[in-house]
Amino acid sequence: MVKEIIKDGNKIENKKEKKVVNFEKKHVEEVKKENKKTKRKSKQKTIKIKPGMTLKEFADNVSISSSSLIKLLLGKGKIITINQSLDIEIIEILEKELSLNIKLPTKKKERLTFNKVAKDLRPRPPVVTIMGHVDHGKTKLLDAIRETHVMESEAGGITQHIGAYQVDYKKKKITFIDTPGHEAFTSMRARGAQVTDIVVIVIAADEGVMPQTIEAIDHAKEAEVPILIAINKIDLPTANPDNVKRQLQEIGLVPEEWGGDIVNVEVSAKMKTNLDELLEMILLIAEIQELKADYKSEARGTVIESLLDARRGSVASVIINSGILKVGGAIVAGLTSGKVRAIITDKGKHIKSALPSQPVEILGLSKLPEAGDEFFEVENERAARQIVQERSLQLEQTKMIPPRHISLDDIAKRFEEGKIQELKIILKGDVQGSVEAVNGVISTITEEEVKINIIHKGVGDISETDVLLATASDAVIIGFNVNLSPGAKEMAEMENVDVRTYEVIYNLIDEVQAALKGLLAPKKVEIERGKVEVRQVFEIPRIGKISGCYVIDGEVARNYFVRVKRNDEIIYKGKIASLKRFKKDVRKVVAGFECGIGIEGFQDIEEGDILKIYSIEEQSP
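As the structure is a computational prediction, the values presented were derived from the model and not from experiment.

Cut-offs applied
- Residues numbered from 1 in each chain as written.
- Predicted model: local features only at pLDDT ≥ 70, side-chain atom pairs only at ≥ 80, totals over all residues.
- Heavy atoms only, no water.
- Helix = DSSP H or I, 4+ residues; strand = E, 2+ residues; numbered from the N terminus.
- Buried < 20%, exposed > 50% of the residue type's maximum accessible area, 1.4 Å probe, protein only.
- Pairing = 2+ DSSP bridges.
- Axes fitted to C-alpha atoms, helices over the stretch in contact; angles between N-to-C directions.
- Salt bridge = Lys/Arg side-chain N within 4 Å of Asp/Glu carboxyl O.
- Parallel < 35°, antiparallel > 145°, perpendicular 65-115°, else oblique.
- Contact = heavy atoms within 4.5 Å.
- Nonpolar A, V, L, I, M, F, W, Y, C, P; charged D, E, K, R; others polar.
- Phe/Tyr/Trp six-rings, centres within 6.5 Å; stacked < 30°, edge-to-face > 60°.
- Core = buried A, V, L, I, M, F, W, Y, C linked by side-chain atoms within 4.5 Å.
- Left-handed = near helix turned anticlockwise from the far one by under 90°.

### Details of unusual backbone geometry
Thinking step 1. In this model, K170 sits at a positive phi of 50 degrees, which is unusual for a non-glycine residue.
Thinking step 2. Structurally, the position occupied by K170 is in the loop between β5 (164-169) and β6 (172-177).
Thinking step 3. A positive phi angle is found at K272, which is not glycine, with a value near 60 degrees.
Thinking step 4. By secondary structure assignment, the location of K272 is in the loop between β9 (263-266) and α11 (275-289).
Thinking step 5. Here K272 falls in the partly exposed class, since its relative accessible area comes to 40%.

This is the structure we're talking about:
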């Protein structure tokens, strides 16, 4: 029997897994067939991408149907039509998934990749956002810093409001973003803009930590931005900085002088006290961060705000992230484009170029961009218009598919796909006691393998700010004995944010617990299946070593795993690649029969080896 198996060994193939394009299962076979043709062609020639090439032209070039490519890209989260031009992101996906060798024109490639490889990394000034509770002196502190530390050459100049400004301190620059509050900060972050390097939280020494203070801190924490505390109004007779520090410690922000890592600076915006110390601490934190930018790449930055001026047209306030923006350059900002006609500093001075971290106004865009839009430089206005056209078309298509954020219903699926590692929750309650009680209960139902992260908790109805934070952080909102404000309800529906409100705490516990149980990854256990003895080994040309075996106990199947045991020592663990009996491939062979076994990735098989056969099964927790 064994000899018959060995003679037939030249027909046994060590089958390898074929790479399958990762998208919807019903389209896999369709693309696999066409992909085989593409791979054969890609070995013969390089696929050249011409500027403006559409998906249909590409499909014809690689001999794959347009519909298959559209489905493939859809599975990757990219919506594209057959007449839409390919951008670099789409091209890179196609190159990887179809195993092609794609060649781009040099200029086109550089423009579309935006110089991902840094050429001239140099230190840049920090960008700082100041946030805090209403009437705690945020605006006064900003004004005091601006009035005290303007450049000498610009002293006396008219400072115009452009949403951000830059000061000089000890020959170093610091950029401050003058936002209305943490709502604007989080709104920009929800749009993908992460422009801030440091957040300064302003707290009045006489009032201490307030609800909006906690909100601002939670928003900064979730953005993973370093926090610096400015305890303001220390000139007041009722000021109590130590009380502020105690309150901060209670919410997890332990001051440095008390053994923590949070820097606190006691200041007075009114008396301009300790402003130098505050700026020194900002520069110290920036130095630790080692902030750098590529000065030779195409200019890129973020829109802070925009306005329509009757005389100047569209005016965009921006901060440069990298590169040097110059007058005359062609740029794209969100769904608008144009040629930079003028660059104006926060002091009203016209300049020819702007450096990284510098806040400026730019003129020349065809229409108003939105706050949080990224802008970048391209080679010419024609290229800029083409990108905007493609973006507009894509936006129209994506409007039909509403944004999808995490919900309690789909946590298990998202976890299995590797998209989340934790459940983020925003918790709101009617009174502080309810919030703490619910927080405590949720903490007790946390499973070992599942992390619950309550990123913000507060008292009062669910607000638009809560929905904004949930949007930016992909969190679920849970409310206990509270309602949604009309604006929050509308925003939650528009952004597809999961909001759950409860009046009975047991219902809340049951739903969260059920979601967490679903979130647990199934446990994998090994099940012993059989024992096999290797009785003969043959070397087959182009195939490798094949073992003629006898099943001593249990069974062996093609989808099982194997441990190779020699002299009571396990020398290899792997998977069964092939299983034959006589001249036929078989799925399973049971005890008392002979068979031929090929082991994936293992050629050191010898007569007398014992194969321990096992399977891996998933068990629900």
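After that view, the rundown keeps rolling.
### What to know about the sheet that holds strand β7 (residues 198-204)
Thinking step 1. Pairing in this open sheet of six strands is mixed, and the strands run β5-β6-β4-β7-β8-β9 from one edge to the other. Each end of this open sheet is capped by a strand with a single partner; those strands are β5 and β9. Sheet twist, expressed as the average angle between the axes of neighbouring strands with direction ignored, equals 30 degrees.
Thinking step 2. Pairing geometry for strand β8 (residues 227-232) and β9, over four bridges, is parallel. For A230, the partnering residue across the bridge sits in β9 and is V265.

### A closer look at the pattern of salt bridges
Thinking step 1. Inspection of the entire model under this criterion finds 21 salt bridges.
Thinking step 2. Note that D346 is salt-bridged to K347, the shortest N-O span being 2.6 Å.
Thinking step 3. In this structure K347 comes out as buried when scored by relative accessible area, which is 11%.
Thinking step 4. When the shortest N-O distance is used, the salt bridge between R529 and E617 registers 3.4 Å.

### What to know about the packing of helix α9 (residues 211-222) against helix α15 (residues 464-473)
Thinking step 1. Remark: α9 packs on α15, axes separated minimally by 11 Å, with the N-to-C direction vectors making an angle of 10 degrees. The pairing of α9 with α15 is recorded here as roughly parallel in orientation. In this structure, α9 contributes E215, H219 and E222 to the contact, and α15 contributes T465, D466, L469 and S473.
Thinking step 2. Here the residues of the contact of α9 with α15 are counted per class, giving one nonpolar, three polar and three charged.

### Structural notes on the packing of aromatic side chains
Thinking step 1. In this structure the tally under the stated criterion is three aromatic pairs.
Thinking step 2. Both rings, one in F561 and one in Y614, keep their centres 5.8 Å apart while their planes meet at 25 degrees; by these two values the pair is stacked. Here F561, found in strand β26 (residues 561-566), pairs with Y614, found in strand β31 (residues 610-619); they are 53 residues apart in sequence, far enough to count as distant.
Thinking step 3. Judged by relative accessible area, which is 23%, F561 ranks as partly exposed.
Thinking step 4. Exposure remark for Y614: the relative accessible area of 3% places this residue in the buried category.

### Focus: the sheet that holds strand β20 (residues 422-429)
Thinking step 1. On the basis of which strands lie adjacent, the open sheet formed by four strands has the order β21-β20-β22-β23 and parallel pairing. A single partner strand is all that each edge strand has here, and the edge strands are β21 (451-459) and β23 (499-502). Averaged over all pairs of adjacent strands, the angle between their axes in this sheet comes to 20 degrees, without regard to strand direction.
Thinking step 2. Sheet topology note: the β20/strand β22 (residues 476-480) ladder contains five bridges and is parallel.

### Overview of the environment of L283
Thinking step 1. Looking at the secondary structure, you find L283 in helix α11.
Thinking step 2. When the C-alpha positions of L283 and P125 are compared, they lie 8.6 Å apart, and in sequence the two are 158 residues distant.
Thinking step 3. Excluding anything up to four places from it in sequence, L283 contacts Y169, K172, K173 and I174.

### A look at the nonpolar core
Thinking step 1. With 28 residues, the main nonpolar core has L141, I145, I174, F176, L228, L278 and I282 as its most contacted residues.
Thinking step 2. Where this core is concerned, the elements lending two or more residues are β4 (127-132), α7 (138-148), β5, β6, β7, β8, β9 and α11.
Thinking step 3. Sequence-distant contacts of L141, defined by excluding residues within four places in its chain, comprise I130, V202, A230, V267, A269, L275 and L278.

### A short note on the packing of α15 against helix α16 (residues 486-495)
Thinking step 1. Running from amino to carboxyl end, α15 crosses α16 at an angle of 20 degrees, the nearest separation of the two axes being 8 Å. Classified by the interaxial angle, the pair formed by α15 and α16 is roughly parallel. Relative to α16, α15 is oriented so that their crossing is right-handed. Contacts between α15 and α16 pair E464, V467, L468 and T471 from the former with G487, A488, M491, A492 and E495 from the latter.
Thinking step 2. Each residue belonging to the contact of α15 with α16 can be placed in one class, and the counts come to five nonpolar, two polar and two charged.

Distances and angles like these do not, on their own, reveal function.
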